[in-house]
Structures are given as C-alpha cells and as structure tokens.
Amino acid sequence: MIDKRILVAFLIFISSMVFSCDEEYEVFEGGEFSLRLNQPKRLIDGSVLELVGVEDSRCPENTNCIWEGRSAVKIKWTRNEIYDIDLNDVEYIHVQVEEYLVTLVEVNPYPTTGLNDEKVVKIKIELN
C-alpha cells in the first residue's frame, strides 16, 4: 500500500508541473494573455510578450474628476523581429502586427484613492 504522504507529495509535484506549463505556454491564436511588468510570457509559437510600461491616469473610484483619464500600456512582442506595441483605452485599443490584431482588453486594478496594487494588463491576440 502506498503511503499517503508520498501520494500527496507526488500529486503536488505533478500539479505544480502542469500549472507552470500553463503559465509559460498559452493558447496562441485568439488567446487572451494577462501580463505583469517585466514578467515575459512565452507563447506556444516561441514568441515572447513582455509588458514594459503602464500608465494609469483614470479617475479613482468614488472621486470627481474633470477628465476621466485613460490607461495606456507599452508591450514588446518578440517574434522574428521586435515589435513595440502602444495601446490605450481611449484612442488605440487595437493595433495590427503582421497578420494579427492585438487588443487591449483591460487594465486592473482600477485606481482607488489609496495605494494601488501592481497592474495586470489583459490583451487579446487574434488572426485578422
């Protein structure tokens, strides 16, 4: 009979291997990707996405602002060459890169009047 502690350790090891692969390689065409600053993400085709900058001047929750603000991101996509992609939620929500359409889906968390957490940017890449 197998010792329960060994079985639990084995299951934890297998789970960590499966989840680490999911974070490193994601579905590519039509995929949505969550990016954090300076944490590159390798896609299944071998290309690499990296969030290199976030600007978030949106009006914080529960406040009154003259201007609603905007969120803007800078992404580096390394394929056969390097593409610097600038997106924002006001004017440039989409950008064409080769045969792909890159879309800014969201920037979280939404600003508050307190300390803001590290931003997580969600983008979508699909064949166009």
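Quantities reported herein were computed from a predicted structural model and do not represent experimental measurements.

**Q** What should I look at first to understand the pairing of strand β4 (residues 71-78) in this one?
**A** Looking along a regular strand, one sees side chains alternate from face to face of the sheet. Strand direction decides the pairing type here: strand β3 (residues 48-56) and β4, joined by eight bridges, are antiparallel. Within β4, the position partnered with Val 48 by the bridge is Thr 78. Relative to strand β5 (residues 82-88), β4 runs antiparallel, the two being bridged by seven bridges. Bridged to Val 73 within β5 is Leu 87. Hairpin connection between β4 and β5: a loop of three residues separates the two successive antiparallel strands.

**Q** Can you walk me through the state of the cysteines in this structure?
**A** Here is the idea: a disulfide is a covalent bond, and it sits between the sulfur atoms of two cysteines. Tallying each qualifying case throughout the model produces one disulfide. A disulfide bridge connects Cys 59 with Cys 65, and the sulfur atoms are separated by 2.0 Å. Taking the sign of the S-S torsion, 80° for the link of Cys 59 and Cys 65, the bridge is right-handed. A residue is classified by how much of its surface remains accessible, and Cys 59, at 11% relative accessible area, is buried.

**Q** Looking at this structure, how should I read the sheet that holds β4?
**A** Strands belonging to one sheet form pairs held by backbone hydrogen bonds; the direction of such a pair is parallel or antiparallel. Spatial strand order, β2-β3-β4-β5: four strands in an open sheet with antiparallel pairing. Because the sheet does not close on itself, it has two edges, and the strands there are β2 (41-42) and β5.

**Q** What exactly am I supposed to notice about unusual backbone geometry here?
**A** Most of the time, phi is negative for any residue but glycine, and the peptide bond is trans. A cis geometry characterises the amide bond from Asn 108 onward to Pro 109, with omega recorded as -5°. Note that Pro 109 resides in the loop between β7 (100-108) and β8 (120-127). Of note in the backbone geometry, Asn 62 takes a positive phi value of approximately 60° without being a glycine. With respect to the element layout, Asn 62 can be found in the loop between β3 and β4. The phi dihedral of Glu 98 falls on the positive side, at around 50°, and the residue is not glycine.

**Q** Looking at this structure, I do not really get the nonpolar core. What am I missing?
**A** One recurring pattern in soluble globular proteins: nonpolar side chains tend to sit buried together. Counting 19 residues, the largest nonpolar core has Leu 49, Ile 75, Trp 77, Ile 123 and Ile 125 as its most contacted members. Of all the secondary structure elements, the ones that give two or more residues to this core are β1 (31-36), β3, β4, β5, β7 and β8. Sorting elements by how many residues they give to this core places β7 first, with four residues. Aside from chain neighbours lying at most four places away, what touches Leu 49 is Phe 33, Leu 35, Pro 40, Lys 41, Leu 43, Ile 75, Lys 76, Trp 77, Ile 123 and Ile 125.

**Q** Just checking my understanding: could you explain the pattern of salt bridges for this structure?
**A** For side chains of opposite charge, pairing can occur when their charged atoms come near one another. Scanning the model with the defined rule gives ten salt bridges in all. Salt-bridge contacts for Glu 55 lead to Arg 70; the nearest nitrogen and oxygen are separated by 3.4 Å. Here Glu 55, found in strand β3, pairs with Arg 70, found in the loop between β3 and β4; they are 15 residues apart in sequence, far enough to count as distant.

Rules behind the numbers
Residues numbered from 1 in each chain as written. Predicted model: local features only at pLDDT ≥ 70, side-chain atom pairs only at ≥ 80, totals over all residues. Heavy atoms only, no water. Pairing = 2+ DSSP bridges. Helix = DSSP H or I, 4+ residues; strand = E, 2+ residues; numbered from the N terminus. Disulfide = S-S within 2.5 Å. Buried < 20%, exposed > 50% of the residue type's maximum accessible area, 1.4 Å probe, protein only. Core = buried A, V, L, I, M, F, W, Y, C linked by side-chain atoms within 4.5 Å. Contact = heavy atoms within 4.5 Å. Salt bridge = Lys/Arg side-chain N within 4 Å of Asp/Glu carboxyl O.

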